[in-house]
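# Breakdown of the fold
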Amino acid sequence: MSILDEWVVFDTNIWIFGLRRVPDNLPCAELLEHLARFRVVLPRQVLQELHANLSEDEIRILFRLLTRFPERLKTDWEKTKPEIIAKYQRLGCKLGDAVVAAHLEELDIKILVSENRDFLEEVRDLPFRRLSAAQALAELKQSEK
Amino acid sequence: MNAKVDELAAEIAALDEAAQRVLLERAAELSFRHGLVELSESYRKRLAQQGELDRTAEDILAKLRQIREEIAAREYPG
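Below or above, wherever it landed, is the structure these notes cover. (Residues numbered from 1 in each chain as written. Chains lettered and ligands numbered in written order. Predicted model: local features only at pLDDT ≥ 70, side-chain atom pairs only at ≥ 80, totals over all residues.)

## Looking at the interface of chain A and chain B
Between chain A and chain B, the residue contacts involve 32 residues of the former and 25 residues of the latter. Among the elements of the structure, helix H1 (12-20), helix H2 (26-33), helix H3 (44-53), helix H4 (56-66), helix H5 (82-90) and helix H6 (95-107) of chain A are those that each provide at least two residues to the side of chain A that touches chain B. Here the element with the most residues in the side of chain A that touches chain B is H1(A); it accounts for 6 residues. Tallied by class, the residues present in the side of chain A that touches chain B amount to 15 nonpolar, 8 polar and 9 charged. (Contact = placed C-beta atoms within 7 Å. Helix = DSSP H or I, 4+ residues; strand = E, 2+ residues; numbered from the N terminus. Nonpolar A, V, L, I, M, F, W, Y, C, P; charged D, E, K, R; others polar.)

## Description of the packing of H3(A) against helix H3 (residues 57-75) of chain B
In contact at an axis separation of 10 Å, H3(A) and H3(B) are set at 120° when each is read in the N-to-C sense. In terms of orientation, H3(A) and H3(B) fall into the oblique class. Where H3(A) crosses over H3(B), the handedness of that crossing is right-handed. Along the contact surface, H3(A) presents A:Gln45, A:Gln48, A:Glu49 and A:Ala52, while H3(B) presents B:Leu64, B:Ile67, B:Arg68, B:Ile71 and B:Ala72. Residue composition of the contact of H3(A) with H3(B), grouped by class: 5 nonpolar, 2 polar and 2 charged. (Axes fitted to C-alpha atoms, helices over the stretch in contact; angles between N-to-C directions. Parallel < 35°, antiparallel > 145°, perpendicular 65-115°, else oblique. Left-handed = near helix turned anticlockwise from the far one by under 90°.)

In C-alpha cells, the structure reads:
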C-alpha cells in the first residue's frame, strides 16, 4: 500500500519546520507543499501544540486551508484513552510522546512523519511506521511514478 | 478581469469531463499551496519581528518537546 493510500499524522515539528522554512529541514516545507495529496489527520495533541506556536490569525488561516480538502485533511479533537497512554509510558515514552503514540494507535494510523529522531526510538513493534520528512517525500515520489 | 474569467471558463468548459476534473483538482492544489506560502510568510515575518526566526532546528525541537510535555501534563494529569 502506498503512502498516498494511508492516513498519516504529521508531527508538530513537520508543521513548524515547514512553515518556518528552517534551512536544515527544507523537506518539511516541501512536504507541506504536497499536503493536499496526502490523507492527513491532525490529532488533538498536535492541534494543541500548533495552537501554542501559532497566533490566532495564523491558526485561523491554517484551519481555513485544511477545510478545503475535508475528505483528505481531518482534525480530530477527541482526547485519547489513558490506558493506551499508560501502555506507551510503560514502554519508556515520556508522557507527551505517549499521548501522540496513543492517538495514532487509537485512530489506527499507520504512518507518523516526524523529524524527532528520538521519538519512540526505544519502542519495538509499534503499530505504525515512523518516517522523516525526506523519507515521506521519497515514498510520495515513488507512489506517483 | 471578468472577460479573462469568462475566457478561461469557456476554455475549461470545452474540455472533456475527465480533463475538467483533473484541471479543477490541480487548480485547488495550487491555490492551497499559495495559501500555505502566504501563511508561512506571515509566520516568518512575525517570528523575525520577535527575534525568533533564526533559532536552530535543535532549539526549536527542544522548545516543541517542552510544549508537548506541558500540554500533555495539563490534559492528562496524574
